[in-house]
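Take a look at the letters that make up each chain.
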Amino acid sequence: MSLTQDALWHKDAVIYQVHVRTFSDSNGDGVGDFQGLAQRLDYLQELGINAIWLMPFFPSPLRDDGYDISDYESVHPAYGTLEDFKKFLAGAHERGIRVIIEMVLNHTSDQHPWFQESRSSQNNPRRDWYVWSETDTRYRGTRIIFVDTEMSNWAWDPISKSYYWHRFFSHQPDLNYDNPAVREQMWNVMKFWLEIGVDAFRLDAVPYLVEREGTSCENLPETHAILKELRRKVDQEFPGRMLLAEANQWPADLRPYFGDGDEFHMAFHFPLMPRMFMGLKLEDRKPITEIMQQTPEIPASCQWCLFLRNHDELTLEMVTDMERDYMYDVYAGSKSMRLNLGIRRRLAPLLDNDRRRIELMNGMLMSLPGTPIIYYGDEIGMGDNIYLGDRNGVRTPMQWSGGWNGGFSSADPESLYSPLLLNPVYGYQAVNVLSQKRTEHSLLSWMQRIIRVRRSTRVFGAGSIEFLYPANHRVLAYVRQLGNETVLVVNNVSSSAQAVELDLRRYKGNILIEMFGRNIFPRVGDLPYLLTMGPYQFYWFRLRRI
Ligand code: GLC
């Protein structure tokens, strides 16, 4: 197998998000590494994914799990060497799997030599690489993101006796994008990795690159101009490589990140994700249809990235205050499940470990317009550890087997970078890859199946969507269409059996073929099409005129 030549590969991808540190430890030091990850590529290929998104693996003091970078052009020694990375990359490519790496443009670690120089004196040549101020009162219109830990976006530097700007932790000073030397340097960093052969970048925290007085310092035209310039360079020198935006914004503010197909190829759909959880609890399709109606059209070459969970808290920034209260109430009863404006839990515990709800949510993830991302461990229903600090509770070691350290590492359990889950419900003896491989009905086997079905047609990645609005609002139904392929998706988002009548007159004469079992359902006639559905059940039907 090798990589497809398709320039629109990102539209057909199924992405697996993984942190090298959490996945597999090859040298027994208690920390996952690139050799370990490379050894698990067969597992990922079998799962059926065709892209991997790696969290930051660069040298870092690890005060924000690697999003605090102290050297952009090498590999953290705990994870291996640049050679190990290259071998892993080659191994992925051989299996037809593309690799998306993280590019943290907005800020560095305060341990980065650039910042060390910048803070060393007011007239250091690198002084202007960061955003300095004599006062902490500039840019007052800017919100604080890590509200649980930070009081201000300014921090006092005792060495150069002035304040520096930071949108995240105070140990993550923001780079100054008004400085052309910074822009050039960060392009050089990207080029370094593109030349090694990475396929794409997830560009971290892109709304915040530029600051201007009197604004929110988010989504500024100057920021978009910088991003467009990076895209132009990528297209020119590395055609076919892809840029994915992390811009946690409302749909209207997200839209400019696609430009006219000349900025990002993809952006996460942050507002949709919490509304899927909301719809499920309310047993009503409305939160989902409403946000999809507000979702603007994007250029044909672009794509949304959809996800249920990731390495961060389930963010509730893109919901109203009332919606947030509701989400906290129903999904995060205990305070220790909350962090900043979000919920720090994994998919299975959020859904009460209910297999039907886990399947339904994955069914929607894989059939709504966009490219789905699976967060490592969610394919086997791993749990979380809310007693670990920050977001570490959703970053515990991958559970491979019921044996020593869950098959993650041969180290002393006490020396692991994080304790494994041990409880009888989610612990590694109960939830692991090896035992799920043994049965056709495990969640893992089911995930393999749904990924296969999703990838059997391009309609899910590239097709149009049209919502049907049956009277029964507990049912979410939509038609995906591409060329002469038409797929009808029907989801019962409620906990009880439902009957639904769908207006399918437009498809009169077609038969419905259920895509998992390939069984034929009655032909569409003049009458409303009646379906009955069990609790949390969903159907994918291919429409065929035979
Ligand atoms: C992004 C990352 C998050 C990190 C932050 C600061 O939001 O997803 O994990 O803490 O950027 O780099």
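Residues numbered from 1 in each chain as written. Predicted model: local features only at pLDDT ≥ 70, side-chain atom pairs only at ≥ 80, totals over all residues. Heavy atoms only, no water.

### Some words on the pattern of salt bridges
Should their charged atoms come close, side chains of opposite charge can pair. Our working definition: The salt bridge criterion pairs a side-chain nitrogen of Lys or Arg with a carboxyl oxygen of Asp or Glu, the two atoms within 4 Å. Helix and strand definitions follow DSSP, with helices as H or I runs of at least four residues and strands as E runs of at least two, each counted in order from the N terminus. Three labels apply to residues, based on accessible area from a 1.4 Å probe with only protein chains included: buried if under 20% of the type maximum, exposed if over 50%, partly exposed otherwise in between.
Scanning the model with the defined rule gives 39 salt bridges in all. With a closest N to O distance of 3.7 Å, glutamate 229 and lysine 233 form a salt bridge. Here glutamate 229 pairs with lysine 233, and both are found in helix H7 (residues 221–237), just 4 residues apart, close to one helical turn. Looking at glutamate 229, the relative accessible area reads 32%, which means it is partly exposed. One salt bridge connects arginine 324 with aspartate 321, and the closest N-O pair in it is separated by 3.1 Å. Of this pair, arginine 324 and aspartate 321 both sit in helix H11 (residues 321–331), 3 residues apart, roughly one helical turn. If you follow the salt bridges from partner to partner, you end up with Arg21, Asp64, Asp65, Asp312, Asp390, Arg391 and Arg395 in one network.

### Quick notes on the sheet that holds strand E17 (residues 485–492)
Note the cut-off: Strand pairing is defined by DSSP finding a minimum of two bridges between the two strands.
Strand order across the open sheet formed by 6 strands is E15-E16-E17-E22-E19-E20, with antiparallel pairing between neighbours. Since the sheet does not close on itself, it has two edges, and those belong to strand E15 (464–468) and strand E20 (520–521), each with one partner. Pairing analysis gives 4 bridges linking strand E19 (residues 511–514) to strand E22 (residues 538–544), with the strands arranged antiparallel. Across the sheet, the residue bridging to glutamate 514 is phenylalanine 541, located in E22.

### Examining the site of the ligand
We apply this condition: Nearness is defined per residue: one heavy atom within 4 Å of the molecule or strand is enough. For this analysis, a polar contact is any N or O atom pair within 3.5 Å, provided that within protein one partner can donate a hydrogen and the other can accept it, and provided that sequence-adjacent residues contribute only side-chain to side-chain pairs. Under the scheme applied here, ten amino acids are nonpolar (Ala, Val, Leu, Ile, Met, Phe, Trp, Tyr, Cys and Pro), four are charged (Asp, Glu, Lys and Arg), and all others, including Gly, are polar.
Taken together, 13 residues lie around the ligand, and Asp64, His107, Asp204, Glu246 and Asp312 are the ones closest in. Between an oxygen atom of the ligand and a side-chain N or O atom of histidine 107, the distance comes to 2.8 Å. In the environment of the ligand, an oxygen atom lies 2.9 Å from a nitrogen or oxygen atom belonging to the side chain of histidine 311. Looking at the shell around the ligand residue by residue, the classes come out as 3 nonpolar, 3 polar and 7 charged.

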